[in-house]
Amino acid sequence: MRAVDLIRKKRDGQELTTEEIGFLVRGYSEGRIPDYQMSAWAMAVYYQGMSARETADLTMAMASSGETIDLGSIRGVKVDKHSTGGVGDKTTIVLGPLAAAAGVPVAKMSGRGLGHTGGTIDKLEAISGFSVELGKERFFRQVNELGLAVVGQSGNMTPADKKLYALRDVTATVDSIPLIASSVMSKKIAAGADAIVLDVKTGSGAFMKTLEDSIRLAKAMVDIGTQVGRRTVAVISDMDQPLGYAIGNALEIKEAVATLRGEGPADLEEVCLILASHMLILGGKAADEEEAHALLKAKLQSGEALDKLKGMVSAQGGDTSQIDRLDLLPSAELQIEVRSESKGYVDSIQAEEIGLAAMMLGAGRETKDSVIDLGAGVELRKKIGDPVEIGDTLAVLHLNPARESGRAEAERRVLGAYGISGTKVPRRPLVFALVTPDGVKRF
Ligand code: URA
């Protein structure tokens with residue numbers, strides 16, 4: 001077999017066999033196929049696409065390129081949740097405890113943030129002493145005893161995806177639906193989930209800017225899950241503005257805890273309840289969304305979900321007094337208000353711009369090696385649909401003096417991110433569609 005023949009075959013719109021895809025992935029990951037040939041193949045895929053069978057083959061080839069986690073020693077149906085990335089997305093910190101309180105074991109591996117998106121692991125590290133590296137035995141034991149653990153992704157998982165993703169990043173081949181779908185699903189499958197709930201974001205702050213593209217991506221991922229025997233559903237949720245009001249690590253922990261206390265923003269609570277409902281259904285703890293929703297709401301109101309979070313923080317070495325007293329979490333010295341220069345109603349908030357502003361204040365990483373400031377970030381005061389007067393505070397920048405140099409640019413970006421119009425715009429739906437193996441249900 002020769003890589004050049006497989007590139008030509010894909011370039012001409014033909015389907016590759018399972019063996020041919022395995023040959024490319026193994027060859028590239030083990031260094032026999034050079035970057036220039038893999039780039040040409042990725043570009044051919046970008047233009048010609050892949051069949052559902054080819055996409056599932058690519059997923060499995062990447063999933064088995066490195067370490068795979070066997071969650072077999074954890075009792076029950078292990079349901080993973082994955083978000084395609086967003087700004088202010090702290091759903092894992094809310095729905096992990098919620099689903100665990102309702103009886104679904106949550107053995108979650110999460111990532112760190114890069115660029116305008118944050119990472120769950122960085123957020124959890126805002127809690128003093130919280131360890132995201134437990135070792136496999138301790139990770140399994142904690143999930144069996146408590147029902148919940150969140151750790152960092154093992155460095156040895158899906159090396160083929162890591163290498164291919166880095167190549168796609170510099171060859172303008174990231175935004176190909178089969179390549180994104182296989183990349184995401186390879187990591188979920190290597191992490192050992194029995195069933196998967198996907199949160200596919202749509203809108204200005206998401207990979208997929210339009211609803212139709214988001215549905216196509218969701219379908220591709222649900223198809224992969226179905227083909228490889230993992231029950232998978234996808235919720236298409238809004239990322240046309242950040243989720244909740246807080247963007248930044250400690251700020252997001254505060255908002256997640258407030259939500260578990262029943263005092264959080266309505267959009268964040270609702271998205272978490274919807275995603276967690278599907279986890280309960282896949283995990284066999286509820287028959288339908290209505291039953292799941294009621295069960296989860298009860299866990300929220302009784303404080304059991306908050307207790308689960310505290311249990312996890314304690315088990316992973318974190319300081320639980322910071323959950324009881326949110327003022328003990330890291331905070332930034334300076335709080336700068338960004339004020340509106342016009343009057344009307346907020347009609348858009350460019351989530352990506354808010355994420356970039358938070359990054360400039362130190363909340364995120366510009367490069368893989370950047371050190372983040374756990375207290376920094378942006379706190380929104382206005383969301384889409386809210387009325388605004390000239391001089392009203394749109395958002396508050398949280399920063400430490402060391403980041404003064406980024407302040408002016410962050411202020412400009414936050415102000416520029418807000419669209420204000422003269423007429424009241426309706427609030428956007430939070431969830432646009434549900435994609436299951438049976439089809440697409442639009443709301
Ligand atoms: N996230 C991933 O993990 N992979 C992609 O290709 C895109 C987003």
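In the block above lies the structure referred to throughout.
Residues numbered from 1 in each chain as written. Predicted model: local features only at pLDDT ≥ 70, side-chain atom pairs only at ≥ 80, totals over all residues. Heavy atoms only, no water.

Caption draft 1: Local environment of the layout of surface pockets. The space that makes up the second largest pocket amounts to roughly 230 Å³. Grouping the amino acids of the lining of the second largest pocket by side-chain chemistry returns 8 nonpolar, 1 polar and 5 charged. (1 Å grid on protein atoms, 1.4 Å probe; cavity = no way out; pocket = protein on both sides within 12 Å on 5 of 7 lines; lining within 4 Å. Points joined across faces, edges and corners; volume = space filled by probe spheres on them. Nonpolar A, V, L, I, M, F, W, Y, C, P; charged D, E, K, R; others polar.)

Caption draft 2: Representation of the side chain of Lys-383 in the model. Here Lys-383 shows up in the loop between strand E9 (377-380) and strand E10 (387-388). Overall, the relative accessible area of 4% leaves Lys-383 in the buried class. Here Gly-244 takes part through its backbone oxygen, which lies 2.7 Å from a polar atom of the side chain of Lys-383. Once residues within four sequence positions are removed from consideration, Lys-383 is found in contact with Gln-241, Pro-242, Leu-243, Gly-244, Tyr-245, Asp-267, Val-346 and Ile-349. (Helix = DSSP H or I, 4+ residues; strand = E, 2+ residues; numbered from the N terminus. Buried < 20%, exposed > 50% of the residue type's maximum accessible area, 1.4 Å probe, protein only. Polar contact = N/O pair within 3.5 Å; in protein donor to acceptor, adjacent residues only side chain to side chain. Contact = heavy atoms within 4.5 Å.)

Caption draft 3: Seen up close, the packing of aromatic side chains. Per the stated rule, a full pass over the model turns up 2 aromatic pairs. With centroids separated by 5.2 Å and ring planes inclined at 85°, the aromatic side chains of Tyr-46 and Tyr-47 adopt a geometry described as edge-to-face. You can call Tyr-47 exposed: its relative accessible area is 65%. Where Phe-139 meets Phe-140, the ring centres are 6.0 Å apart and the plane angle is 40°; that geometry is what we call tilted. Across the pair, Phe-140 and Phe-139 agree in class, each one buried. The positively charged end of Lys-163 is found above the aromatic ring belonging to Tyr-28, 4.5 Å away from the centroid. Sitting over the ring of Tyr-165, Lys-187 keeps its end group 5.8 Å from the ring centre. (Phe/Tyr/Trp six-rings, centres within 6.5 Å; stacked < 30°, edge-to-face > 60°. Lys NZ or Arg CZ within 6 Å of the ring centre and 35° of its normal.)

Caption draft 4: Structural context of helix H8 (residues 159-169). Along H8, the residues that are buried comprise Ala-160, Asp-161, Leu-164, Leu-167 and Arg-168. Projected down its long axis, H8 shows its buried positions confined to an angular sector of 130°, all on one face. In this fold, the buried residues of H8 make contact with helix H2 (18-29), helix H3 (35-48), helix H4 (52-63) and helix H9 (177-190). (Arc of directions from axis to C-beta.)

Caption draft 5: Fine view of the site of the ligand. Neighbouring the ligand are Tyr-165, Arg-168, Ile-180, Ser-183, Val-184, Lys-187 and Phe-207. Here Arg-168 contributes a side-chain N or O atom positioned 2.9 Å from an oxygen atom of the ligand. Taking Ser-183, its side chain carries an N or O atom lying 2.6 Å from a nitrogen atom of the ligand. Put simply, the parts of the chain that give the shell around the ligand at least two residues each are H8 and H9. Ranked by the residues each element gives to the shell around the ligand, the list is headed by H9, at 4 residues. (Near = heavy atom within 4 Å.)

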